[in-house]
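Next come the chains, spelled out residue by residue.
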Amino acid sequence: MKRLLSLFAMSPKAEPSPEAGAPPMPSVRDASLRRSVEKLQATLEAAETAPTQIKPEKVPSLLRKPPANDNQPDFFVPSLWDIAIKDGIGLMDVAVFRLARNKRRKGEMIEHKLRNLTIQVKSNYDGMATIEDYSIIMMMISHLTEANRLYQVGKGPKPSRYFQPAASEILKFCRKGDGGGQYERLRGSIDRLQGTHICIHSETDRKSTGWFPLLGGAKIISETDKKRIQVVQLVVPDWIYDQIVTAEKPEVLTIHPDYFLISSPLARFIYRLARKAAGSGSAVYSFASLHARSGSTRTKAGFDYDLRHLAAVNDLPEYDLRIESGREGPMLRMSARRLH
């Protein structure tokens with residue numbers, strides 16, 4: 001189409017020689033018509049180089065509807081420690097899980113190179129934990145945080161390394177329905193969490209290298225006749241327990257309860273990063289940096305499209321998203337939403 005337009009737009013003096021055996025390509029001798037053709041050609045060229053635009057009214061909300069039994073917001077303990085892995089790199093800076101639900105990444109690895117550290121997320125036969133599986137770890141950390149707060153003010157015992165929730169409590173915390181399928185998927189989540197671990201390699205201090213499991217262990221306390229988990233005991237990994245219970249002054253962040261209603265895994269990751277990096281202000285990252293930090297298996301073009309989708313919908317809890325131009329390509333600015 002572009003070649004035809006370019007040939008039609010040429011003046012008679014610049015008409016190209018026809019290929020062997022091909023009839024001569026006609027030129028546009030009428031000045032007014034030629035200008036129209038040139039204008040159309042310029043429009044087509046601009047459309048090819050312009051970034052994909054998504055109209056907000058044509059994309060659905062990123063938040064799913066709450067389940068039918070979601071009627072007790074006071075249940076949530078949304079305060080979450082940003083657990084430091086090494087040298088100030090927290091769990092909210094990079095993805096320590098996979099985003100895609102339908103790609104197990106069995107035996108695969110996500111690698112993040114930050115500062116003088118290399119962070120590798122590895123998995124076993126059951127596949128790598130997903131960002132939705134990680135909600136169970138968030139619940140474990142949240143309750144450990146609350147137990148430690150009560151202990152510090154003399155209103156409770158020292159927190160245990162064992163966390164024993166009912167399956168129904170896990171589903172309630174994650175704001176999921178209580179259908180039978182949810183209970184069956186819970187077992188798979190625990191399998192993946194148990195088999196996913198983080199490996200830290202320090203380029204400056206070999207003694208700082210270490211291996212950190214997402215889950216220290218798990219045991220089913222009771223289950224139904226249909227082998228659905230009723231109560232499970234989760235073991236808090238040492239590195240998480242020590243950071244919460246023994247650290248002098250860990251950083252406390254509050255996660256909005258609607259985080260668990262975010263349907264897009266990428267949107268969940270962006271919210272977590274915004275909560276850590278932007279806080280009550282704003283932060284900006286290049287699309288390329290976000291692609292690397294997320295561990296996404298999407299192509300760069302597909303990932304960029306997904307980010308534009310998020311910015312077009314712009315309904316994440318607490319934060320507004322805006323795309324800006326940068327020296328090395330498009331940037332995503334995440335800004336705390338101002339309440340009026």
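A brief report on the enclosed structure follows. (Residues numbered from 1 in each chain as written. Predicted model: local features only at pLDDT ≥ 70, side-chain atom pairs only at ≥ 80, totals over all residues. Heavy atoms only, no water.)

We now examine the overall build of the protein. Check the secondary structure of the protein and you find nine helices and 14 strands. Here the protein holds 340 residues, and 44% of them are scored as buried. Put simply, 65% of the contacts in the protein that link residues at least 6 apart link residues at least 24 apart. Counting every atom, the protein has about 18300 Å² of accessible surface; 51% of that belongs to carbon and sulfur. (Helix = DSSP H or I, 4+ residues; strand = E, 2+ residues; numbered from the N terminus. Buried < 20%, exposed > 50% of the residue type's maximum accessible area, 1.4 Å probe, protein only. Contact = heavy atoms within 4.5 Å. Areas by Shrake-Rupley, 256 points an atom, 1.4 Å probe, with all protein chains shown as cover.)

Remark on secondary structure: sheet strands pair via backbone hydrogen bonds, oriented parallel or antiparallel. Strand order across the open sheet formed by four strands is E4-E5-E7-E8, with antiparallel pairing between neighbours. The open sheet has two edge strands with one neighbour each: strand E4 (109-114) and strand E8 (210-213). The average angle at which neighbouring strand axes cross in this sheet is 20°, direction not considered. Relative to E8, strand E7 (residues 197-202) runs antiparallel, the two sharing four bridges. Along E8, the bridge assignment pairs His197 with Pro213. (Pairing = 2+ DSSP bridges. Axes fitted to C-alpha atoms, helices over the stretch in contact; angles between N-to-C directions.)

Residues Val96, Tyr134, Ile198, Ile270, Leu307, Leu332 and Met334 are the most contacted members of the largest nonpolar core, which totals 76 residues. A total of eight residues in this core trace back to one element, the largest contributor, which is helix H3 (residues 134-152). When sequence neighbours within four positions are dropped, the list of residues in contact with Ile270 reads Leu290, Leu307, Leu310, Leu316, Leu321, Leu332 and Met334. (Core = buried A, V, L, I, M, F, W, Y, C linked by side-chain atoms within 4.5 Å.)

Here we take up the sheet that holds strand E10 (residues 229-235). Ordered in space as E6-E10-E9, the three strands form an open sheet in which the pairing is antiparallel. Unpaired on one side and paired on the other, strand E6 (162-163) and strand E9 (217-223) mark the two borders of the sheet. By the bridge criterion, two bridges tie E6 to E10 in an arrangement that is antiparallel. Looking at the pairing, Tyr162 lines up with Val235 of E10. In this fold helix H5 (residues 180-194) packs onto E9 and E10, with an angle of close to 15° to the strand it touches most, E10.

For the pair helix H8 (residues 287-294) and helix H9 (residues 300-313), the least separation of the axes is 10 Å and the interaxial angle reads 105°. Relative to H9, the element H8 is oriented roughly perpendicular. In contact with Phe287, Ala288, Leu290, His291 and Ser294 of H8, H9 contributes Lys300, Phe303, Asp304, Leu307 and Arg308. In the contact of H8 with H9, the residues fall into five nonpolar, two polar and three charged. (Parallel < 35°, antiparallel > 145°, perpendicular 65-115°, else oblique. Nonpolar A, V, L, I, M, F, W, Y, C, P; charged D, E, K, R; others polar.)

So, on to the pattern of salt bridges. Pairing between side chains of opposite charge can happen when the charged atoms of each approach one another. Applying the stated criterion to the full structure yields 15 salt bridges. Between Arg187 and Glu223 there is a salt bridge, with its nearest N and O atoms 3.2 Å apart. On the criterion of sequence distance, the pair formed by Arg187 in helix H5 and Glu223 in strand E9 is long-range, its members being 36 residues apart. The class of Glu223 is partly exposed, set by a relative accessible area of 31%. (Salt bridge = Lys/Arg side-chain N within 4 Å of Asp/Glu carboxyl O.)

With that out of the way, let us pick up the pairing of strand E14 (residues 329-336). Pairing analysis gives five bridges linking strand E12 (residues 282-286) to E14, with the strands arranged antiparallel. Looking at E14, one finds that Ala283 is bridged to Met334. In this structure, the hairpin formed by strand E13 (residues 319-326) and E14 is closed by a connection of two residues.

The next point concerns the packing of aromatic side chains. The tally for this structure, following the rule as stated, stands at six aromatic pairs. On the basis of an interplanar angle of 70° and a centroid distance of 5.9 Å, the ring pair of Tyr271 and Tyr319 is categorised as edge-to-face. On the criterion of sequence distance, the pair formed by Tyr271 in helix H7 (residues 265-277) and Tyr319 in strand E13 is long-range, its members being 48 residues apart. For the residue pair Tyr271 and Tyr319, the accessibility class agrees, reading buried in each case. Taking NZ or CZ as reference, Arg268 lies 5.1 Å from the ring centre of Tyr259, over its face. (Phe/Tyr/Trp six-rings, centres within 6.5 Å; stacked < 30°, edge-to-face > 60°. Lys NZ or Arg CZ within 6 Å of the ring centre and 35° of its normal.)

The next subject is H3. Here H3 spans 27 Å end to end across 19 residues, near enough to the 27 Å set by a 1.5 Å rise per residue. Every buried residue of H3 is accounted for by Tyr134, Ser135, Ile136, Ile137, Met138, Met139, Met140, Ile141, Ser142, Leu144, Thr145 and Asn148. (Expected span 1.5 Å × (residues − 1).)

All right, on to the packing of H3 against H5 then. It is at 9 Å that the axes of H3 and H5 come closest, and there the two elements cross at 80°. Regarding the angle of H3 to H5, the classification is roughly perpendicular. Judged by residue contacts, Tyr134, Ile136 and Ile137 of H3 engage Leu186, Ser189 and Leu193 from H5. Counted by class, the contact of H3 with H5 contains five nonpolar, one polar and no charged residues.

Next up on the list: the side chain of Ser294. Mapped onto the secondary structure, Ser294 falls in helix H8. The class of Ser294 is buried, set by a relative accessible area of 0%. Setting aside its immediate chain neighbours within four residues, Ser294 contacts Ala95, Leu99, Phe269 and Phe303.

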